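# Residue-level structural notes
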Amino acid sequence: MKLTFEPNLKYQRQAIDAVVGLFEGQLPDDADPGFSGVIGNRLDLSDRRILANLRNVQAANELALSKELDGGMHFSVEMETGTGKTYVYLRTIYELNIKYGFKKFVIVVPSIPVREGVLKNLQITHCHFQTLYSNTPARYYVYDRSKVSQIRGFAASDNIEILVINIDSFAKDENIINRPNDKLNGREPIKFIREANPIVIVDEPQNMESEKRAKAIANLNPLCTLRYSATHRNRYNLIYSLDPVKAYDMGLVKQIEVDSVMEENALNGAYMAVESITATKTRVTAKVTIDSNCPDGVKRKTVTVRSGDDLYRLSGQREIYRDGCIVEEIDAAGGFIALSNGQILHTGEQKSDTSDEIMKFQIRRTVEEHLRKELKLHKLGIKVLSLFFIDRVANYRTYAGDGSAVKGKFALWFEEIYNDLMSNPAYRQLDMYPAGKVHNGYFSQDKKGRVKDTSGDTQADDTTYNLIMKDKEMLLDMNTPLRFIFSHTALREGWDNPNVFQICTLNETKSAMKKRQEIGRGLRLAVNKEGMRCYDRNVNRLTVIANESYSDFARALQTELQEDCGIDFGKCIKPKRDRVPVTFRKGFE
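Just so we're clear, the structure is a prediction, and the values are computed from it rather than from any experiment.

About the thresholds
Residues numbered from 1 in each chain as written. Predicted model: local features only at pLDDT ≥ 70, side-chain atom pairs only at ≥ 80, totals over all residues. Heavy atoms only, no water. pLDDT = per-residue confidence, 0-100. Contact = heavy atoms within 4.5 Å. Helix = DSSP H or I, 4+ residues; strand = E, 2+ residues; numbered from the N terminus. Expected span 1.5 Å × (residues − 1). Buried < 20%, exposed > 50% of the residue type's maximum accessible area, 1.4 Å probe, protein only. Pairing = 2+ DSSP bridges. Axes fitted to C-alpha atoms, helices over the stretch in contact; angles between N-to-C directions. Core = buried A, V, L, I, M, F, W, Y, C linked by side-chain atoms within 4.5 Å. Salt bridge = Lys/Arg side-chain N within 4 Å of Asp/Glu carboxyl O. Parallel < 35°, antiparallel > 145°, perpendicular 65-115°, else oblique. Left-handed = near helix turned anticlockwise from the far one by under 90°. Nonpolar A, V, L, I, M, F, W, Y, C, P; charged D, E, K, R; others polar. Polar contact = N/O pair within 3.5 Å; in protein donor to acceptor, adjacent residues only side chain to side chain. Phe/Tyr/Trp six-rings, centres within 6.5 Å; stacked < 30°, edge-to-face > 60°. Lys, Arg positive; Asp, Glu negative; His and termini not counted.

### Details of the confidence of the model for the protein chain
Taken as a whole, the protein chain shows an average pLDDT of 88; of its residues, 89% reach a score of 70 or greater. For the stretch residues 454-465, pLDDT sits under 50, and the model shows 32 contacts to residues farther than four places along the chain or on other chains.

### With respect to helix α1 (residues 10-21)
Here α1 contains twelve residues, and its C-alpha end-to-end distance of 16 Å stays within 8% of the 16 Å for a straight helix at 1.5 Å per residue. Along α1, the positions that sit buried rather than exposed are Y11, Q12, A15, I16, A18, V19, V20 and G21.

### Some details on the sheet that holds strand β16 (residues 385-390)
Overall, parallel pairing links the seven strands, which are arranged β19-β22-β16-β23-β24-β8-β25 in an open sheet. The sheet is open, and its two borders are formed by β19 (439-442) and β25 (573-575), each paired with just one other strand. In this sheet, neighbouring strand axes are inclined to one another by 25° on average, regardless of whether the strands run parallel or antiparallel. Both β16 and strand β22 (residues 484-487) contribute to a ladder of four bridges, which runs parallel. When the bridges of β22 are listed, S386 appears paired with F484.

### A few points about unusual backbone geometry
Backbone geometry at S134 places phi at a positive 50°, although glycine is not the residue there. On the secondary structure map, S134 appears in the loop between α4 (112-132) and β3 (138-142).

### Looking at the nonpolar core
In this structure, F23, F75, L96, I107, L226, I239 and F569 are the most contacted members of the largest nonpolar core, which totals 79 residues. Aside from chain neighbours lying at most four places away, what touches F75 is L22, I50, L54, L69, C224, T225, L226, R227, Y236, N237 and I239. V261, L371, F388 and I545 belong to the second largest nonpolar core, which has 28 residues in total.

### Overview of helix α16 (residues 550-565)
Helix length check: α16, at 16 residues, gives a terminal C-alpha distance of 22 Å against a target of 22 Å (1.5 Å per residue), a fit within 8%. Looking only at α16, the buried set comprises Y550, D552, F553, A554, L557, Q558, E560, L561, D564 and C565. Once α16 ends, the next one or two residues include G566, with phi positive near 70°.

### Details of the pattern of salt bridges
Considering all chains together, one arrives at 34 salt bridges under this definition. With a closest N to O distance of 3.1 Å, E369 and R579 form a salt bridge. One end of the pair, E369, is in helix α10 (residues 356-377); the other, R579, is in the segment after β25, and 210 residues separate them in sequence. On the accessibility criterion, E369 (1% relative accessible area) is buried. Residue R579 is classed as partly exposed on the basis of its relative accessible area, which comes to 34%. Where salt bridges share partners, they join E257, E369, R372, K373, R541, K576 and R579 into one cluster.

### Observations concerning the packing of helix α3 (residues 85-100) against α4
One way to put it is that α3 packs onto α4 with a least axis distance of 10 Å and a crossing angle of 45°. One way to sum up the angle between α3 and α4 is to call them oblique. Relative to α4, the crossing made by α3 is right-handed. Contacts from T86, Y87, Y89, L90, R91 and Y94 of α3 reach α4 at V118, N121, L122, T125, H126, H128, F129, Q130 and L132. Across the contact of α3 with α4, the residue classes tally to eight nonpolar, six polar and one charged.

### Structural notes on the pairing of strand β12 (residues 327-331)
With four bridges connecting them, β12 and strand β13 (residues 336-339) associate as antiparallel partners. Across the sheet, the residue bridging to E329 is A338, located in β13. The turn joining β12 and β13, which pair antiparallel and follow one another in sequence, is formed by four residues; a positive phi near 70° is taken by G335.

### Considering the side chain of Q558
The topology assignment puts Q558 in helix α16. With a relative accessible area of 16%, Q558 lands in the buried category. For Q558, the side chain forms a polar contact with the main-chain oxygen of I567, separated by 3.2 Å.

### Describing the environment of F192
By secondary structure assignment, the location of F192 is in helix α6 (residues 189-195). Taking the C-alpha atoms as reference points, F192 and L220, 28 residues apart in sequence, are found 9.3 Å from one another. Not counting residues up to four positions away in its chain, the partners in contact with F192 are V38, I151, R152, A155, L184 and R187.

### What about the packing of aromatic side chains?
Counted according to the given criterion, the structure contains 17 aromatic pairs. Residues Y100 and F102 carry aromatic rings whose centres are separated by 5.9 Å and whose planes lie at 45° to one another, so their mutual orientation is tilted. Across the pair, F102 and Y100 agree in class, each one buried. Look at F410 and W413: their rings are 5.7 Å apart centre to centre, the planes differ by 50°, and that puts the pair in the tilted class.

### Regarding the side chain of D243
Position of D243 relative to the elements: it lies in the loop between β7 (238-242) and α8 (244-249). No salt bridge is formed by the buried D243. Its closest oppositely charged neighbour is K246, at 4.8 Å. Among the polar contacts listed, one links the side chain of D243 to the backbone nitrogen of V245, at a separation of 3.1 Å. Of note is the side chain of D243, whose polar atom sits 2.8 Å from the backbone nitrogen of K246. Apart from residues lying up to four places away in sequence, D243 is in contact with E78, E80 and I567.

Structure, rendered in structure tokens:
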């Protein structure tokens, strides 16, 4: 199948026009190559004119007016994840070329997955843009340190040139791009970029705010920098804003509901471990390890408790400790503490069901929700995908002594649950492939081809991102068996798929990944088998199967959005338990 693109979405046009409006009054640039043979961008407008244009753009988009160019020629576009940020800035390149003759563009990215996401977007939008812009010649490529001569081609070409480069490829003096090169007559490759005076597009700039990285971007000698993100840390000269609430209210992203495995019996998820008990003449205390809400996420910490202390309060009001977790007695002689729910915990004992039993239950709930949606959406030609985040690759795939691959516990549980559910007559029509064909893992590999845990931003991750990005259309094909995706770190910023309808967090430890980053992988509106976007809100519902309570998940997500955007997103997050069936008269959908 082939993804299609809508050229007339109003909110995307507004974001594009915001950038184009900055250069109102600029005459088309038909510059000849200079003495060095470089054809670069040229800006004729004064800072005063740019500031006036900026204020006009801000007024049109109902934003605060800048009194000066904040930090210089840096302009920020804020667009919520899943609303087509990459499409917008790629199309902006063509608009700037058509209207003003600008030709040289550098897209700076913070990591491998973002780089691969940009490259994939360049590939799948190329024909679309060629049709829209009368086959305007345009060349795009990813910087390759083994092919530095491509930089000379970038500088000398008279066509649109789009160079995608990772910040770490040029932020250090020892990087090849910053060193004299014999293939370029002893010149540093970066000098060719500098002479071209490129418009620099910074994707996810919040990851490139350090002094070193900011200096590296400035060293590209940009005509200006266009900064695109959903989560800006610094909104220099903001010219367009589509925040999460606006995107949600406009129906541009999926609705979010949380299906918590902790809600039915909250105490099952309450981790507690009695480390020690200390008795003095005046008091008896115990050190207890619990999960606590912290500013940067859920952390496991040890607290000192006395009789009467409430673990709910000490945990930063985690819902799983709300009822029955008041310390009623600390018995130093017996070596135990007693809670108000009647539970007894001895020294050295830990209580936690958020391991195998809970994770297996999460998988079942995910598969059940997946199959229910597939029954509904298959007839609409919409492929349903589910995404599992895991924190240890070995839980999904490991290796025997002879080097052969062995299914880990997650893979075994999945197939057991899938086969069990497929025996239900209600799902018989979906039973088209064996369990082993409908799931797979996307992980990085070592030199022997074995999958492994990685951080997500190393050279070892290249093959992972390459595979998952190239498979994007294949994953949407109704005839492709794969429906359930297990990932370690590969599927973060830079990858998403419009037909992810379930996200399950299978973490033995609490996820270090932000809630917003997790759900961002599934926020895009679904597409059908023709590649056409679906706008039905009853279809576009993302279900998060969380290993924490709905209240904790919602609070953490709201906190992140409050910090990132200063908005109240609470009304947009719903508990799945509140979903109710509505029966209409016969003949009405």
